[in-house]
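Per-entry structural report
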Amino acid sequence: AELYAGMRSEFATGPVRPYIGGGATFLSTTTTIRQGFLQTEQDDSVLGGYIHGGIQADVNDVFFLGLDYRHVFAGDHDFGGSSFAADYDQVSLVLGFTL
């Protein structure tokens, strides 16, 4: 699970608007570990930050399409002596609306 908050800045006021932004994120992970017939679950949470940028284009007065790139940089998750990076990159196609 992830909870994040941040700010963004748009660089145009027309129908096509590039933007950049950034903020803070909280990542929570549950991992199931199995050994034979035994099973256990472990939870871990980390804080981090993110940056993102993209472009957004109006379809009409209400709907818009966009393409967003996001990079999250966070601490490592630790589970029973093992750890793995919580960093990730994401590219999203966005369909949104304005009120």
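Structure first, text after, so check above.
Here the residue index of a chain counts from 1 through its sequence in written order. Note on the predicted model: pLDDT of at least 70 is required for a residue's local features to be given, and 80 or more for side-chain atom pairs to be given and counted; whole-chain, interface and lining totals, by contrast, use all residues. Computation of side-chain values covers all heavy atoms of the structure but excludes hydrogens and water.

We now examine the overall build of the protein. Helix numbering and strand numbering both begin at the N terminus, where a helix is a DSSP run of H or I of at least 4 residues and a strand a DSSP run of E of at least 2. When helices and strands are tallied, the protein shows zero helices and seven strands. Starting at the N terminus and ending at the C terminus, the protein contains elements arranged as β-β-β-β-β-β-β. For the protein, whose C-alpha radius of gyration is 18 Å, the value lies well above the compact-globule estimate of 13 Å for 99 residues. Taken along its principal axes, the extent of the C-alpha atoms in the protein is 60 × 25 × 20 Å. The cut-offs for exposure are 20% and 50% of the maximum accessible area for each residue type, with area from a 1.4 Å probe on protein chains only; residues under the lower value are buried, those over the upper are exposed, and the others partly exposed. Looking at the protein as a whole, 24% of its 99 residues qualify as buried. The criterion used for residue contact is that any of the two residues' heavy atoms lie within 4.5 Å. Contacts in the protein between residues far apart in sequence, at least 24 positions, make up 49% of those at least 6 positions apart. Per element, the accessible surface of the protein, about 6900 Å² overall, is 61% carbon and sulfur. Computed over 4 positive and 12 negative side-chain charges, the separation of the two mean positions in the protein equals 6 Å. For this measure, only C-alpha atoms enter the radius of gyration; the expected value for a globule follows 2.2 Å times N^0.38, where N is the number of residues. Where accessible areas are quoted, they stem from the Shrake-Rupley method and a 1.4 Å probe; at the residue level, only the protein chains shown are allowed to cover. His is not counted, nor are the chain ends; Lys and Arg add positive charge and Asp and Glu add negative charge. Note that the charge is assigned to NZ on lysines, CZ on arginines, CG on aspartates and CD on glutamates.

This paragraph deals with the pattern of salt bridges. Note on definitions: salt bridges are taken to be side-chain nitrogens of Lys or Arg within 4 Å of carboxyl oxygens of Asp or Glu. Under the criterion given, the structure shown has four salt bridges. Where Glu2 meets Arg70, a salt bridge forms, and the shortest distance between an N and an O atom there is 2.4 Å. Of the two residues, Glu2 sits in strand 1 (residues 2-10) while Arg70 sits in strand 4 (residues 63-74), which places them 68 residues apart along the sequence. For Arg70, a relative accessible area of 7% corresponds to the buried category. Ionic pairing is found between Glu10 and Arg8, a salt bridge with its closest N-O pair at 2.7 Å. We classify Glu10 as partly exposed; its relative accessible area is 37%. With relative accessibility at 38%, the residue Arg8 sits in the partly exposed group. Through salt bridges with shared partners, one network takes in Arg8, Glu10, Arg17 and Asp58.

Further remarks concern the packing of aromatic side chains. Pairing of aromatic rings covers Phe, Tyr and the six-membered ring of Trp, with a centre-to-centre limit of 6.5 Å; geometry is then stacked below 30 degrees between planes, edge-to-face above 60, and tilted otherwise. The tally for this structure, following the rule as stated, stands at one aromatic pair. On the basis of an interplanar angle of 75° and a centroid distance of 5.5 Å, the ring pair of Tyr4 and Tyr50 is categorised as edge-to-face. Of the two residues, Tyr4 is situated in strand 1 and Tyr50 in strand 3 (residues 38-58); the sequence distance between them amounts to 46 residues. A relative accessible area of 48% places Tyr4 in the partly exposed class. For the cation-ring pair, Arg8 lies above Tyr19, with the distance from its terminal atom to the ring centre recorded as 4.0 Å. Here, over-ring charges are defined by two tests on the NZ atom of lysine or the CZ atom of arginine: distance to the ring centre within 6 Å, and angle to the ring normal within 35 degrees. Above the ring of Tyr4, the side-chain terminus of Arg70 is found at 4.2 Å from the ring centroid.

What the five strands build is an open sheet, ordered 1-2-3-4-7; its pairing is antiparallel. Where the open sheet ends on each side, the last strands, each with one partner, are strand 1 and strand 7 (88-97). In this sheet, adjacent strand axes meet at a mean angle of 25° when their direction is disregarded. A pair of strands is treated as paired once DSSP finds two or more bridges between them. Axis definition: a line fit to C-alpha positions, over the contact stretch in the case of helices; interaxial angles, taken between N-to-C directions, run 0 to 180 degrees.

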